[in-house]
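Okay, here's what each chain looks like letter by letter:
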Amino acid sequence: MRAFDFSPLYRATIGFDRVADLMDRVLATDVAQPTYPPYNIEKTDENAYRITIAVAGFASDELTVELREGALIVTGRKAEEADTGRTWLHRGIATRAFERRFALADHMKVTGALHADGMLNVDLVREVPEALKPRRIEIAAPGQVTAKQVDSIPAAEALNA
């Protein structure tokens, strides 16, 4: 596999080093991604998402959903079945153990998980902190007092003015 040099990206951008690291990680993995269990990712609102995973044959207590190091990790471990004397003619429902990892963007929060009808739904929402939301900066006209000038005026002078 060919390695890419992201140094030109670092010169032209600020704060995107995590994106470059992610791209480098994706390009470096030659290992085939697992396809079991199948899943869907849908956007349910402007800042809300839902991951639906087909987990037929698993009970709720055999599934775990956890958030670790910026990744959502869903695992399934089937409990050992006691030999009940059944003879299987065909066993097509896969109940093998699995682990699915989803890399989450900054400010993504898991709001809940629901297991019903053989499907596991994990709901996520993007909560951008107030400090990172866009805000408008007032532009002072010549002769107007700016915010820095107001802060520098002593309190006694401000009361007399």
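Residues numbered from 1 in each chain as written. Predicted model: local features only at pLDDT ≥ 70, side-chain atom pairs only at ≥ 80, totals over all residues. Heavy atoms only, no water.

1. Some words on the confidence of the model for the protein
Fine structural detail should not be taken from predicted coordinates in areas where pLDDT scores are low. Quick reminder of the rule: Per-residue confidence from the predictor is reported as pLDDT, which spans 0 to 100. Pairs of residues are marked as contacts when any of their non-hydrogen atoms sit within 4.5 Å.
In the predicted model, the protein carries a mean pLDDT of 78, and 68% of its residues have values of at least 70. Of the regions scoring below 50 in pLDDT, residues 149–153 engages in three contacts with residues more than four places distant in sequence or in other chains.

2. Section: the nonpolar core
Spelled out, the test is: We define the nonpolar core as a collection of buried residues of types Ala, Val, Leu, Ile, Met, Phe, Trp, Tyr and Cys that are connected through side-chain atoms lying within 4.5 Å of one another. Partly exposed residues are those whose accessible area sits between 20% and 50% of the maximum for their type, while under 20% is buried and over 50% is exposed, using a 1.4 Å probe and protein chains only. Strands are runs of DSSP state E lasting at least two residues, helices are runs of H or I lasting at least four, and both sets are numbered from the N terminus onward.
Formed by 16 residues in total, the largest nonpolar core has its most connected members in Ile51, Ile53, Val55, Leu72, Val74, Phe98 and Leu120. Of all the secondary structure elements, the ones that give two or more residues to this core are β2 (48–54), β4 (71–76), β5 (98–103) and β7 (119–126). If we skip the residues at most four places from it in the chain, Val74 touches Ile53, Thr64, Val65, Phe98, Glu99, Arg100, Phe102 and Leu120.

3. Things to note about the sheet that holds β7
Two pairing modes exist for strands in a sheet, parallel and antiparallel, and in both the strands are linked by backbone hydrogen bonds. Rules: Should DSSP find at least two bridges between two strands, the strands are regarded as paired. Note on definitions: angles span 0 to 180 degrees between N-to-C directions of axes, and those axes are lines fitted to C-alpha atoms, for helices only across the stretch in contact.
Read across the sheet, four strands follow the order β1-β2-β7-β6 without closing on themselves; strand pairing throughout is antiparallel. The two strands at the open ends of the sheet, each matched to only one other strand, are β1 (39–45) and β6 (108–116). Direction aside, neighbouring strands of the sheet carry axes that sit 20° apart on average. Where β1 meets β2, six bridges bridge the pair, whose relative direction is antiparallel. Opposite Tyr39, over in β2, you have Ile53 as the bridge partner.

4. Brief notes about the sheet that holds β4
With respect to topology, three strands assemble into an open sheet ordered β3-β4-β5, the strand pairing being antiparallel. Of all strands in the sheet, those with a lone pairing partner are β3 (63–68) and β5, marking the two edges. Across the sheet, the mean angle from the axis of one strand to that of its neighbour is 15°, orientation sign disregarded.

5. Observations concerning the pairing of β2
β2 sits mainly inside the fold: five of its seven residues count as buried. Pairing of β2 with β7, which is carried by seven bridges, proceeds in the antiparallel orientation. Each bridged residue has a counterpart across the sheet, and for Ile53 the counterpart in β7 is Leu120.

6. Comments concerning the pattern of salt bridges
Working definition: two side chains of opposite charge can pair if their charged atoms are close together. What counts, and what does not: Salt bridge, as applied in this entry: a Lys or Arg side-chain nitrogen positioned within 4 Å of an Asp or Glu carboxyl oxygen.
Tallied over the full model, the rule gives four salt bridges. For Arg101, the salt bridge is made with Glu99, and the minimal N-O distance between the two is 3.1 Å.

7. Notes on the pairing of β4
Along any regular strand the residues' side chains alternate between the sheet's two faces. Within β4, six of the six residues are buried, which leaves the element mostly enclosed by the surrounding structure. Of the two faces of β4, the one holding Ala71, Ile73 and Thr75 and the one holding Leu72, Val74 and Gly76 are both buried throughout. Taken together, the six bridges between β3 and β4 define a ladder with antiparallel strand orientation. Within β4, the residue paired with Thr64 across the bridge is Thr75. Linkage of β3 to β4, two consecutive antiparallel strands, is achieved through a turn of two residues, within which Glu69 is found at a positive phi near 50°. The pairing of β4 with β5 spans six bridges and is antiparallel. Across the sheet, the residue bridging to Leu72 is Phe102, located in β5.

8. Overview of the side chain of Thr75
Position of Thr75 relative to the elements: it lies in strand β4. In this structure Thr75 touches Glu62, Leu63, Thr64, Phe98 and Glu99, once residues within four positions along its chain are discounted.

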